[in-house]
Amino acid sequence: MKKLTSILLALVLVFSFAACSNNSDNSASTANSTTSVPTGTQSTDESSDNNADRSSNSKILVVYYSATGSTKAVAETIADTTGADLFEITPVDPYTSDDLNWTDDNSRVSIEHNDESKRDVPLTKTTPDNWADYDTVFIGYPIWWGIAAWPVNNFVKGNDFSGKTVIPFCTSTSSGLGQSGDLLADMAGTGNWQDGERFSSGASSSKVESWVNGLDLK
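Right, let's walk through the structure included here.

What counts, and where the lines are drawn
Residues numbered from 1 in each chain as written. Predicted model: local features only at pLDDT ≥ 70, side-chain atom pairs only at ≥ 80, totals over all residues. Heavy atoms only, no water. Salt bridge = Lys/Arg side-chain N within 4 Å of Asp/Glu carboxyl O. Buried < 20%, exposed > 50% of the residue type's maximum accessible area, 1.4 Å probe, protein only. Patch = residues over 30% accessible without salt bridge, like charges linked within 9 Å, V, L, I, M, F, W, Y side chains within 5 Å. Areas by Shrake-Rupley, 256 points an atom, 1.4 Å probe, with all protein chains shown as cover. Lys, Arg positive; Asp, Glu negative; His and termini not counted. Charge placed at Lys NZ, Arg CZ, Asp CG, Glu CD. Helix = DSSP H or I, 4+ residues; strand = E, 2+ residues; numbered from the N terminus. Phe/Tyr/Trp six-rings, centres within 6.5 Å; stacked < 30°, edge-to-face > 60°. Lys NZ or Arg CZ within 6 Å of the ring centre and 35° of its normal.

**What about the pattern of salt bridges?**
Here is step 1 of the chain: Tallying each qualifying case throughout the model produces four salt bridges.
Here is step 2 of the chain: Across the salt bridge formed by Asp99 and Arg108, the nearest N and O atoms sit 3.9 Å from each other. An identical accessibility class is assigned to Asp99 and Arg108; each is buried.
Here is step 3 of the chain: A cluster of three or more residues bridged by salt bridges with shared partners is formed by Asp93, Asp99, Arg108 and Glu112.

This is the structure we're talking about:
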C-alpha cells in the first residue's frame, strides 16, 4: 500500500513539473513576442522620418553669386542649416579683383554700372539640375550700388519660378537690402517672393542660422 502511495505521489510531482515548465515557456514566448513588436515598429518609424527629412531637404536650393566670398559663406551656412543643395552663379568671364574695384572709374564694375547695356553677363550655366523639383529657392548676392549684383540678373530672367517660394538674401559692407529683392521679383515675373535679409560682410554663422530657423520653411 505504501509503495502504491509513493508511486502516485511521484506521478503527481511529474505532472506538476511538466505543467510549470509549459507555463514558463509560454510566458517567455509571449514576453519575447511583445518585446520584438515595438522594437520593429520603432525602427520602421525612424526610417520613415529620416526619409521624410531627406525628401523635404532635397526640395530646397540655395543659389548665390559671390564676388569676394562673403555671400558664399552665408549661402553655405543656409545650406548646412536646411540640408539644401547649392548652386553657384558663375560668369563666363569671372570678375577679377581689379574688375571689382568700384573706386576706379575705369574698372569693369564701374563701366557696367555707368552703362546698363553692359550688365548682360553670360553665365556658364543658367538652370540648375532638377530645377523643377525645388519648392523653395534662396537667392544670394552682394549689393552693388544699392541693387543686386547684376550677374544674378540672367539667372533670374532665365528660369521659371512658378510654384516656388523665393527668399532673397544679400551681403554688404553698409548698404541694406533696399529694393534689390523687389527688383529681382519684377525681373522674374513668377514665383512667390518673400522679404529678404541683409548680412554684413563676415556675418557669423549663428546669426545666419537664427534667421533661417525663424523662417516658416515647409
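Resuming the write-up.
**Quick notes on a negative patch on the surface**
Here is step 1 of the chain: Where like charges cluster on the molecular surface, the negative patch consists of Glu76, Asp80, Glu88 and Glu209.
Here is step 2 of the chain: Its place among the elements puts Asp80 in helix H2 (residues 70–82).

**What about the packing of aromatic side chains?**
Here is step 1 of the chain: Summed over the entire model, instances satisfying the criterion amount to 12 aromatic pairs.
Here is step 2 of the chain: Ring geometry for Phe199 against Trp211: centres 5.5 Å apart, planes inclined by 75°, an arrangement best described as edge-to-face. One end of the pair, Phe199, is in strand E7 (residues 197–200); the other, Trp211, is in helix H6 (residues 205–213), and 12 residues separate them in sequence. The exposure classification of Phe199 matches that of Trp211, with both residues buried.
Here is step 3 of the chain: Positioned above the aromatic ring of Trp150, the side-chain terminus of Arg119 is 4.7 Å from the ring centre.

**A few points about unusual backbone geometry**
Glycine aside, residues mostly have negative phi angles, and peptide bonds mostly take the trans form.
Here is step 1 of the chain: At Asn130, a position not held by glycine, the phi torsion is positive, near 60°.
Here is step 2 of the chain: For Asn130, the position within the fold is in the loop between helix H3 (108–114) and strand E3 (136–144).

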